[in-house]
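Below, each chain spelled out in residue letters.
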Amino acid sequence: MNDHPVIARIRLNPHSRDVQRDLRDATQMHRTVMRMVPDGLGDAPRHQAGLLYRLDETDTSSTLLVQAARLDPAHLPTGYGQADVKSLAPMFTALRKGIGVRYRIVLNPAKRERLSLEEKGTRGRIVPLSGTDADQWWLRRAAEAGLDLHVLTPTSMEPARPRGREAPRMRHSLLRYDGTAAVTDPDALRDAVIHGIGRGKPYGAGLLSLAPVRTT
């Protein structure tokens, strides 16, 4: 994958049956966005493509953001939505230490359960985090990603519910964070944007969006 992925902003058609199906089923949504990346990517195609996505919803519209090394919206179902594809290269070029940015990210904050000494050698289950624990988790991960958070505003999202025979029998708790931050490490931040943050990437988590802070 190159250092300059592209991002597609797809304004979803609410009358499309494919859209309606995908909004109900996180597994189907993942399959749909994977149609936009090239074939022949091996056993881990999402990872190889660098594919991340996020659903941004308002009272009047739903926009699907999809990021990858290469994307072809022509492979989406007919009538799925209107797509606009842009390179992230200008945004990466603009990143400098100390500049202010606005950010948005949907996350699946979680930690692995700590087990007793008697259970040594086995892996604890993944425990979702909420409230202050989730906020602290995001503060730590943001710092690792080269961001010094100034404002973080959490919004609870509908959990991602994978369906289907092969889907994991669990729902993925999602939180959206919006706010402002200062860039502390441009290289770490580029890496976080390209690879995403946290768990739940196949279900719409991990995509970090950045925009410059407007000054008056």
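See the structure printed just above.
Computed from a predicted model, the values in this text were never measured in an experiment.

Undergrad: Summarise the overall build of the chain; cite the residues concerned and give the values.
TA: Of regular secondary structure, the chain possesses six helices and ten strands. Burial analysis of the chain (216 residues in total) assigns 44% to the buried set. Counting every atom, the chain has about 12700 Å² of accessible surface; 47% of that belongs to carbon and sulfur.

Undergrad: Kindly report on the packing of helix α1 (residues 17–24) against helix α2 (residues 26–34), identifying the contributing residues and their values.
TA: Helix-helix packing is described using two parameters, namely the angle between the two axes and the distance between the axes. Put simply, α1 and α2 touch, their axes get as near as 5 Å, and they point 125° apart. In terms of axis orientation, α1 runs oblique to α2. Crossing of α1 against α2: the hand is left-handed. Touching Arg 21, Asp 22, Leu 23 and Arg 24 of α1 are Ala 26, Gln 28, Met 29 and Thr 32, all from α2. Residue classes in the contact of α1 with α2 are distributed as three nonpolar, two polar and three charged.

Undergrad: Tell me about the sheet that holds strand β1 (residues 6–12), residues and numbers included.
TA: The strand order across the open sheet built from four strands is β2-β3-β1-β4, with neighbouring strands paired in antiparallel fashion. Each edge of the open sheet carries a strand with a single partner, namely β2 (52–57) and β4 (81–87). If you compare each strand with its neighbour and ignore which way they point, the axes differ by 15° on average. Inspection of the sheet shows β1 paired to β4 by seven bridges, in the antiparallel sense. Following the sheet pairing, Val 6 is matched in β4 by Ser 87. Strand contacts of α2: β2 and β3 (62–68), with the helix running at about 120° to β2, the strand carrying the most contacts.

Undergrad: Would you mind going over the sheet that holds strand β9 (residues 175–183) in detail, with residue names and values included?
TA: Backbone hydrogen bonds are what pair the strands of a sheet, in a parallel or an antiparallel way. Spatially, four strands are ordered β8-β9-β5-β10 in an open sheet, and the strand pairing comes out antiparallel. For this open sheet the edge positions go to β8 (147–156) and β10 (208–212), each flanked by a neighbour on one side alone. Here the average twist between neighbouring strands, direction ignored, is 20°. Examined bridge by bridge, strand β5 (residues 100–107) and β9 share eight bridges and lie antiparallel to one another.

Undergrad: So, the side chain of Arg 46: which residues are in play, and what are the values?
TA: Relative to the elements of secondary structure, Arg 46 occurs in helix α3 (residues 45–49). Buried within the structure, Arg 46 lacks any salt-bridge partner; its nearest side chain of opposite charge belongs to Asp 191, at an N-O separation of 12 Å. Separated by 2.7 Å, the side chain of Arg 46 and the backbone oxygen of Leu 51 make a polar contact. Not counting residues within four places of it along the chain, the set of residues in contact with Arg 46 comprises His 30, Met 34, Leu 51, Leu 52, Lys 201 and Pro 202.

Undergrad: Now, about the packing of aromatic side chains: what can you tell me, with residues and values included?
TA: Any pair of aromatic rings gets described here by the distance separating the centres and the angle formed by the planes. All told, the structure shown has two aromatic pairs when counted by the stated rule. The rings of Tyr 103, Trp 138 and Tyr 177 are connected pair by pair, giving a single aromatic cluster.

Rules used throughout
The residue count restarts for each chain, going from 1 along the sequence in the order it is written. Given that the model is predicted, a residue must reach a pLDDT of at least 70 before its local features are reported, and side-chain atom pairs must reach 80 or more before they are shown or counted; all residues, however, enter totals for whole chains, interfaces and linings. Neither water nor hydrogens contribute to the side-chain values; these are computed over all heavy atoms in the structure. Elements are defined by DSSP. Helices are runs of H or I of four residues or more, strands are runs of E of two residues or more, and each kind is numbered from the N terminus. Each residue is assigned to one of three classes by its accessible area relative to the maximum for its type, calculated with a 1.4 Å probe on protein chains only: buried under 20%, partly exposed between the two thresholds, exposed over 50%. Areas reported as accessible are Shrake-Rupley estimates using a 1.4 Å probe. Residue values count occlusion only from the protein chains shown. For helices, the axis comes from a line fit to the C-alpha atoms of the stretch in contact; other axes are also lines fit to C-alpha atoms, and the angle between any two N-to-C directions lies between 0 and 180 degrees. Here the word oblique covers every angle except those under 35 degrees (roughly parallel), over 145 (roughly antiparallel) and from 65 to 115 (roughly perpendicular). Two helices that cross are described as forming a left-handed crossing if the nearer one is turned anticlockwise from the farther one by less than a right angle, and a right-handed crossing if clockwise. By definition, residues are in contact when any of their heavy atoms lie within 4.5 Å. Amino acid classes used here: Ala, Val, Leu, Ile, Met, Phe, Trp, Tyr, Cys and Pro are nonpolar; Asp, Glu, Lys and Arg are charged; the rest, including Gly, are polar. Two strands qualify as a pair provided DSSP detects at least 2 bridges between them. A positive count includes Lys and Arg, and a negative count includes Asp and Glu. His and the chain ends are not counted in either. Salt bridges, as used here, are contacts in which a Lys or Arg side-chain nitrogen is within 4 Å of a carboxyl oxygen on Asp or Glu. Two N or O atoms count as a polar contact when they lie within 3.5 Å, although within protein this holds only if one can serve as hydrogen donor and the other as acceptor, and sequence-adjacent residues are included solely when both atoms are side-chain atoms. Pairing of aromatic side chains requires ring centres within 6.5 Å, counting the rings of Phe and Tyr and the six-membered ring of Trp. Pairs whose planes differ by under 30 degrees are stacked, by over 60 edge-to-face, and all others tilted.

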